[in-house]
Amino acid sequence: MRTRLSHSPLCWAAVLLLSGAGTSAFAADYVDLRRIEPIHGDAAAGAAKAAVCAACHGPNGNAIVPMFPSLAGQRADYLYHRLAEFKAADPKAPYYAASPMPAQAAGLSDADMRNVAAYFAAQARTAAPAAPGNAKGETLYLEGDLARGIPACQGCHGADANGPAAQGNQYAAYPTLRGQHAPYLVTRLNNFRGNLPQYSSNDFIMHGVARTLDDDSIQAVASWLASLPPKEKH
Amino acid sequence: MSTSAHPRPSSPLTPGFSALSSCVPEQKRDSRFRLSEEQKQNRWIPAFAGMATMMLFSTAWADSGIGVDTWRGNKLDPTAGQASEACDARGTTWLAPLQRRSPTGNLYDCPNEAPLAHEIGEWLYYGVLQVGYIGTGDQGVAAWNRYADWRSDKAILSLLDAHFERPSDGSYVDVRASRISDEDQYYQAVFGKAGAYKVQAFVRDMPNILSTDARSIWNGVGTNNLTLPSSLTPGGSTPAQVAAASAAAPTMTLGVKRSKQGLSASTYLTPEWTAYVNLSDEQRKGTRPYGGPFFFAFAFEGPPFNLNDGGVNETIKPINDSTININGGLRYAGPEWRFDFSYTGSFYRDKYTSYNYQSPFKLTALPVIPGAIAAPLYQGQMSTEPDNNYHNFQATATRKIPWNGEISISASGGRMSQDDALIAPINCQGVFGIGLGNLQLGPQNPMLYDCNKWNTTDALSRKTADMRIDTSMFDARIVLQPTPQWTLRGDVKYDRQDYRNIYLAYNPLTGQYGYPSENGTQGSIVPGESGIWDPRTDPSALTRVRSLPLDIQTIDANFGADWKFSDKNTLSATLDYNRYEPSNRERSQIDASSVKLTWVNRSLDWLTLRVNYTYLKQTGNTYNFDPYEFTWSSSMPGYVPPATGTPAHTVDAMRKYDMSSRDENKIDVMATVMPRDDMTVSASVRGDWNSYDARIGRQAYDTVGATVQWEWQFATRSSISAYAAWDRSRLGLSNVQDQANGTGADPTLGGSNYALNGQWWATDAQRDWYGGFTLNHDIGRVRLDVNWNYLYSRGLTDYTYAGPTALAHLVGNEGPGPGGGAFPNMIYRVNSITIGATVPFSERVSLRLFDYYERGRINDWHYLGFDQGLVVGNRVYTDAGPQSYKQNLIGLLVNMKL
């Protein structure tokens, strides 16, 4: 039997809207760093909270042990979101379980993290012992390798490896790499190659990049970056 | 993203389709998979690997991008599920928070939400099954049901789309299907291996409803033999009897079902060489309204003859044909060279060569000759499209050259031919023409003809058409970019069409030339207008005896340069020269030269401004207003001009619009404004003014228009857009009525035959409005979509005339001097709105409820009065015309991700 339907479209929509009130169906499961606002912190206040950091990251954030990253002169937004990651992390998750950072960050308030980040960003990097350069690493960093699909690192981290030249909030949490310890960089790149961590949108950028790098390339880039002297602060 | 503000297709299952549709097929290949929650516990599929794999897929898909068989959908959902996909909340890239913009500043579409993939061994699969029910409350309106079968409430398979792939080697299988009814359905299967091969097969049925309010006075609709019912006497019924038969006939639907099957394959022979072939066969079956001439005797309805005979019949043509299309070739893509060698063929076959029909009305000879008696004809015929073949071979070579340039050379040769069996000139029995006192054949009746000597193919000069057109083309292009600031372009193209045969209408049985006009009825009503020239008995008859070959050669050369004189400004100039050399036309040479200037400005970050200006001037050699003399009997040996001279074929001041000298000025101004990163406003104005050098013929054709479009992607999964457009065109033409009913010999405008008081002017003014609005937004768990489209089109034809002799028919209130008037407005208005909501019940299951409302209002004066009956005097109409309508389609669909 043919049924004549002359229902109002608005009526149907209203019924559905009423039935659908609630939370979003599928929330994002990562922190989107593409839409952040730059942080502001009190470096002086951060100094007090950062005292404990020196055990691993050295005086004023200049790490002695090369497995630990130097924090001095690092970009504040990067440091803040890295601390936020550790604070939010499940300490039993394999990636974080081996790190003392989740426990260290657990007690920090949001203001603490901003202040600590501001503090280390304001510190001067001390020159590391002279290290030999690495031509392959320099080429990969500055030019990439088109044939292997390796993008040039400088596109995001700057031609001088001191952070991106591009302006925009979405670049605020891209770290400076200049003069960073090579073993630490190797560890980070290896983790990225294994799709870890999966905390922020920036991690997903590095997953794709690191997957194009073999062990030699990772070592070469890390060595070249570690050989760069600190940039003088202006 | 679509940026033009033309009428948008409205469709119930395509929320946002109107504003955000153009990239949809590509978005199907969105690279990032999602796994279901339980799978996330096990493994995260590398997104980058997926991206790389799917990029390879895109390459393979692109191999078959030839022809029209690359996408399948239906009117319910032209995008086959693509437009209703939600945006991926992750955006397009991790590097930027918003959608990127095109070079002109428009926002690209968001990528679709990644599919939920399963694993079976090495294979991944994902897909969607969409089933449900639609209710239409169909009122049987053709416009509503055109290209869709929404004639009844029904359960439907809205979409089945299943995709399987094996990342390890790039193998994939894709199956897609939709079924609304037996007449509205498609099924497609694709399998292949990225970088290796691809095979695709499909079947598709689509209805094309042409009329749902037709009434036929004939039996045998759908066959090639239309006969009158017993209530009517062929050749002997009165208009009242025919009108009664029409009114008693049930309404019927006329339409054509298109069924198409296709198979295509492509394979990489080497990384550089690709071979491809595409085959398709489309059958069309059904009926459509068509003509049925039996002489336009209504010209004599009024005084002084007061005749009511002849017949203009809107018959019903049977459609039963097939078109096979073949395309195949080899492609090479290397670092320096590219080659493409291809063949394209098309083969049309019609089951019927012709169809017959009976005409109900009697014939009466014009009483201008004492004793004139019309032959009692009642049988007519109409040929169908002839079977024909098309072949074309093309080769293209492209090479990179210094200065960052590229040169490309193409050559092709083709042949269009048809050699179908010709039908007899007439299908009558007995005699046709006019008898003087009786209908006995013999010298006493020179205007009477024996059907038996014309209703056979022996009456033709040959039995088959044997017609052919050979085509050839050569094209050379070059592009150079000697510096980043300069780009130089050049193109020279030569094109030619040669007609290889001609037909002379000669009847070897009678020694006469020509073709009985109007199924023999014109010569049975009007003495001397049989359409037949006889050098012995009627040497002054003027009629067509030859076909008209229209060979043409075209040379097109253009040169252009783009100069980027600053980072934000580009100027372009293109000079174009066209020379047309047609045969047997009013001019043997036409030259069209144009200059096009373009300025693109991006000085402001938030604005892209484009301005184009074109000036074109078309001239030619001497205009011969009557180049067709050789096709008429007046060119034959033995032709004797009548005492008053051979009638002029047309007026000497006539300038046909494609042959006429012409000046054209065209300007476009387009602005794309980016007030925010997530918002775009586009606006354009355009004008095109054509002035023709014609006192008789087309004199002017001007168009102006404006569009504005706004789009705001206010959240990752939400967007809103609106558009409005307006355009207006004006076509002006003039003609002149001959004063001697086609017998005057003087072609001069202002002369005795084409007197100036017989001149008239008509203006066809068209005005269109378009508007639309689209919203896609998540409200809580519900995804809401709204899509509204509006179209208003108005056509107005008005006319003026110098004097009443300009009019073919007088209604009686014309004064002695100039006058004018207008036909009623032709108005076409369509309002459509879709409101839909999708409610997710789980990660895989959602429910979609939508309502699609469409209202069409059509005013077409051609069909005025048909509510009183379809028979007007001796005119029989079958299609009662387009109907205004209000229709509502409501649907409930369950959407399951497989």
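Residues numbered from 1 in each chain as written. Chains lettered and ligands numbered in written order. Predicted model: local features only at pLDDT ≥ 70, side-chain atom pairs only at ≥ 80, totals over all residues.

## A look at the overall build of chain B
Step number 1: Along its length, chain B carries 6 helices and 42 strands.
Step number 2: A compact globule built from 898 residues would reach a C-alpha radius of gyration of about 29 Å, and chain B, at 32 Å, matches this within 12%.
Step number 3: On the principal axes, the C-alpha backbone points of chain B span a range of 100 × 65 × 55 Å.
Step number 4: Each of the 898 residues in chain B was classed as buried or not, and the buried ones make up 33%.
Step number 5: Long-range contacts, defined here as pairs at least 24 residues apart, represent 70% of the contacts in chain B between residues at least 6 apart. (Helix = DSSP H or I, 4+ residues; strand = E, 2+ residues; numbered from the N terminus. Rg over C-alpha atoms; globule rule 2.2 N^0.38 Å. Buried ≥ 20, exposed ≤ 12 C-beta atoms within 10 Å, placed from the backbone. Contact = placed C-beta atoms within 7 Å.)

## Quick look at the overall build of chain A
Step number 1: Within chain A one finds 12 helices and 0 strands.
Step number 2: Reading chain A from its N terminus to its C terminus gives the helix and strand order α-α-α-α-α-α-α-α-α-α-α-α.
Step number 3: Expressed as a percentage of its 234 residues, the buried residues of chain A come to 40%.
Step number 4: Summarising the internal contacts of chain A: among those between residues at least 6 apart in sequence, 71% fall at separations of at least 24.

## Quick word on the domain arrangement of chain A
All names here are of chain A.
Step number 1: As assigned here, chain A comprises domain 1 (38–126) and domain 2 (130–229).
Step number 2: Distance between the C-alpha centres of domain 1 and domain 2: 20 Å.
Step number 3: Counting residues at the interface gives 16 residues for domain 1 and 17 residues for domain 2.
Step number 4: A per-element tally of the side of domain 1 that touches domain 2 places helix H4 (residues 76–88) first, with 4 residues. (Domains from an automatic or database assignment.)

## Overview of the packing of helix H10 (residues 182–193) of chain A against helix H11 (residues 201–210) of chain A
Residues and elements named next belong to chain A.
Step number 1: The geometry of H10 relative to H11 is characterised by a closest axis approach of 7 Å and an angle of 90° between their N-to-C directions. When the interaxial angle is binned, H10 and H11 end up roughly perpendicular. Side by side, H10 and H11 meet where Leu189, Phe192 and Arg193 of the first sit next to Met206, His207 and Ala210 of the second.
Step number 2: Of the residues contributing to the contact of H10 with H11, the split by class is 4 nonpolar, 1 polar and 1 charged. (Axes fitted to C-alpha atoms, helices over the stretch in contact; angles between N-to-C directions. Parallel < 35°, antiparallel > 145°, perpendicular 65-115°, else oblique. Nonpolar A, V, L, I, M, F, W, Y, C, P; charged D, E, K, R; others polar.)

## Structural notes on the packing of H10 of chain A against helix H12 (residues 215–227) of chain A
Residue and element names in this part refer to chain A.
Step number 1: Relative to each other, H10 and H12 sit at 145°, their axes nearing to 8 Å. Classified by chirality, the crossing of H12 by H10 is right-handed. Residue-level inspection shows Ala182, Leu185, Val186, Leu189 and Asn190 of H10 in contact with H12, the latter providing Ile218, Gln219, Ala222, Ser223, Leu225 and Ala226.
Step number 2: Looking at the contact of H10 with H12 residue by residue, the class counts come to 8 nonpolar, 3 polar and no charged. (Left-handed = near helix turned anticlockwise from the far one by under 90°.)

## Let's talk about the sheet that holds strand S8 (residues 225–226) of chain B
Residues and elements named next belong to chain B.
Step number 1: Strands sit in the order S8-S14-S16 across an open sheet of 3 strands; the sheet is mixed. A single partner strand is all that each edge strand has here, and the edge strands are S8 and strand S16 (379–383).
Step number 2: Note: strand S14 (residues 354–358) against S16, 5 bridges, orientation antiparallel. Paired with Tyr355 across the two strands is Met382, which belongs to S16. (Pairing = 2+ DSSP bridges.)

## Points about the pairing of strand S13 (residues 337–350) of chain B
All names here are of chain B.
Step number 1: As judged from the 13 bridges shared by strand S12 (residues 315–333) and S13, these two strands associate in the antiparallel manner. Note that in S13 the partner of Leu330 across the bridge is Phe341.
Step number 2: As consecutive antiparallel partners, S12 and S13 are separated by 3 residues.
Step number 3: Relative to strand S17 (residues 388–401), S13 runs antiparallel, the two sharing 12 bridges. Each residue of the ladder has a partner; that of Ser346, found in S17, is Tyr390.

## Brief notes about the confidence of the model for chain B
Residue and element names in this part refer to chain B.
Step number 1: Considering every residue of chain B, the mean pLDDT works out to 90; 92% of them sit at 70 or more.
Step number 2: Ignoring residues within four places in sequence, the model shows residues 1–10, a span with pLDDT below 50, making 31 contacts including any to other chains.
Step number 3: Within the model, the stretch residues 15–68 combines pLDDT values under 50 with 114 contacts to residues more than four positions away or in other chains.
Step number 4: This complex was scored by the predictor with a pTM of 0.84 and an ipTM of 0.86. (pLDDT = per-residue confidence, 0-100.)

## Here we look at helix H7 (residues 110–122) of chain A
Residues and elements named next belong to chain A.
Step number 1: The terminal C-alpha atoms of H7 lie 19 Å apart, and with 13 residues this matches the ideal 18 Å at 1.5 Å per residue to within 8%.
Step number 2: The buried fraction of H7 amounts to 10 of the 13 residues, a majority that puts the element mostly inside the structure.
Step number 3: In this structure, the buried residues of H7 make contact with helix H2 (43–49) and H4. (Expected span 1.5 Å × (residues − 1).)

## A closer look at the sheet that holds strand S19 (residues 431–436) of chain B
Backbone hydrogen bonds hold the strands of a sheet together, and the pairing may be parallel or antiparallel.
Residue and element names in this part refer to chain B.
Step number 1: Ordered in space as S15-S19-S20, the 3 strands form an open sheet in which the pairing is antiparallel. The sheet is open, and its two edges are formed by strand S15 (372–374) and strand S20 (448–450), each paired on a single side. Each neighbouring strand pair of the sheet contributes to a mean axis angle of 25°, computed without reference to strand direction.
Step number 2: Where S19 lies against S20, 3 bridges are found, and the strand directions are antiparallel. Note that in S20 the partner of Phe432 across the bridge is Tyr449.

## Side note on the environment of Gln883 of chain B
Step number 1: Mapped onto the fold, Gln883 of chain B is located in the loop between strand S41 (875–876) and strand S42 (885–897).
Step number 2: In this structure the C-alpha to C-alpha distance between Gln883 of chain B and Asn112 of chain B, which are 771 residues apart in sequence, comes to 39 Å.

## Observations concerning the environment of Pro250 of chain B
Step number 1: In this structure, Pro250 of chain B sits in the loop between helix H5 (239–248) and strand S9 (251–268).
Step number 2: A C-alpha to C-alpha distance of 46 Å links Pro250 of chain B and Thr707 of chain B, two positions 457 residues apart in sequence.

## Considerations on the nonpolar core
Residues and elements named next belong to chain B.
Step number 1: By size, the foremost hydrophobic cluster in this structure holds 35 residues, and its most contacted members are Phe432 and Ile525.
Step number 2: Among the elements of the structure, S19, S20 and strand S25 (532–533) are those that each provide at least two residues to this core.
Step number 3: The leading source of residues in this core is S19, at 3 residues.
Step number 4: Sequence-distant contacts of Phe432, that is, excluding residues within four places in its chain, are made with Ala375, Leu377, Ile426, Tyr449, Cys451, Pro516, Gly520, Gly523 and Ser524. (Core = buried A, V, L, I, M, F, W, Y, C linked by C-beta atoms within 7 Å.)

## Let's talk about unusual backbone geometry
Step number 1: A cis amide bond, omega -5°, links Leu196 of chain A with the succeeding residue Pro197 of chain A.
Step number 2: Relative to the helices and strands, Pro197 of chain A resides in the loop between H10 and H11.
Step number 3: The phi angle at Tyr147 of chain B is positive, at roughly 65°, despite the residue not being glycine.
Step number 4: Examined against the element boundaries, Tyr147 of chain B turns out to sit in the loop between helix H4 (142–145) and strand S4 (154–166).
Step number 5: In the Ramachandran plot, Asn306 of chain B falls in the positive-phi region, its phi being about 55° despite a non-glycine side chain.
Step number 6: Considering the arrangement of structural elements, one finds Asn306 of chain B in the loop between strand S10 (273–290) and strand S11 (312–313).
Step number 7: A tally of 8 C-beta atoms within 10 Å means that Asn306 of chain B is categorised as exposed.

## Some thoughts on the confidence of the model for chain A
Step number 1: Across chain A, pLDDT averages 86, with 86% of residues at or above 70.
Step number 2: Confidence over residues 1–27 of chain A falls short of pLDDT 50; this stretch has 49 contacts with residues more than four positions distant or in other chains.

## Looking at the pairing of strand S35 (residues 759–779) of chain B
Residue and element names in this part refer to chain B.
Step number 1: By the bridge criterion, 18 bridges tie strand S34 (residues 718–736) to S35 in an arrangement that is antiparallel. When the bridges of S35 are listed, Ser734 appears paired with Trp761.
Step number 2: Judged from the 20 bridges that link them, S35 and strand S36 (residues 782–801) form a sheet pairing that is antiparallel. The residue of S36 that forms the bridge with Asp768 is Ser793.
Step number 3: Count of turn residues in the S35/S36 antiparallel hairpin: 2 residues, of which Gly780 carries a positive phi of about 60°.

## Concerning the environment of Ala375 of chain B
All names here are of chain B.
Step number 1: Turning to its location among the elements, Ala375 is positioned in the loop between S15 and S16.
Step number 2: The class for Ala375 is buried, based on 24 C-beta atoms found within 10 Å.
Step number 3: C-alpha separation for the pair Ala375 and Gly520, spaced 145 residues apart in sequence, amounts to 8.9 Å.
Step number 4: What Ala375 contacts, discounting residues up to four positions off in sequence, is Gly430, Val431, Phe432, Gly433, Leu439, Leu448 and Ser524.

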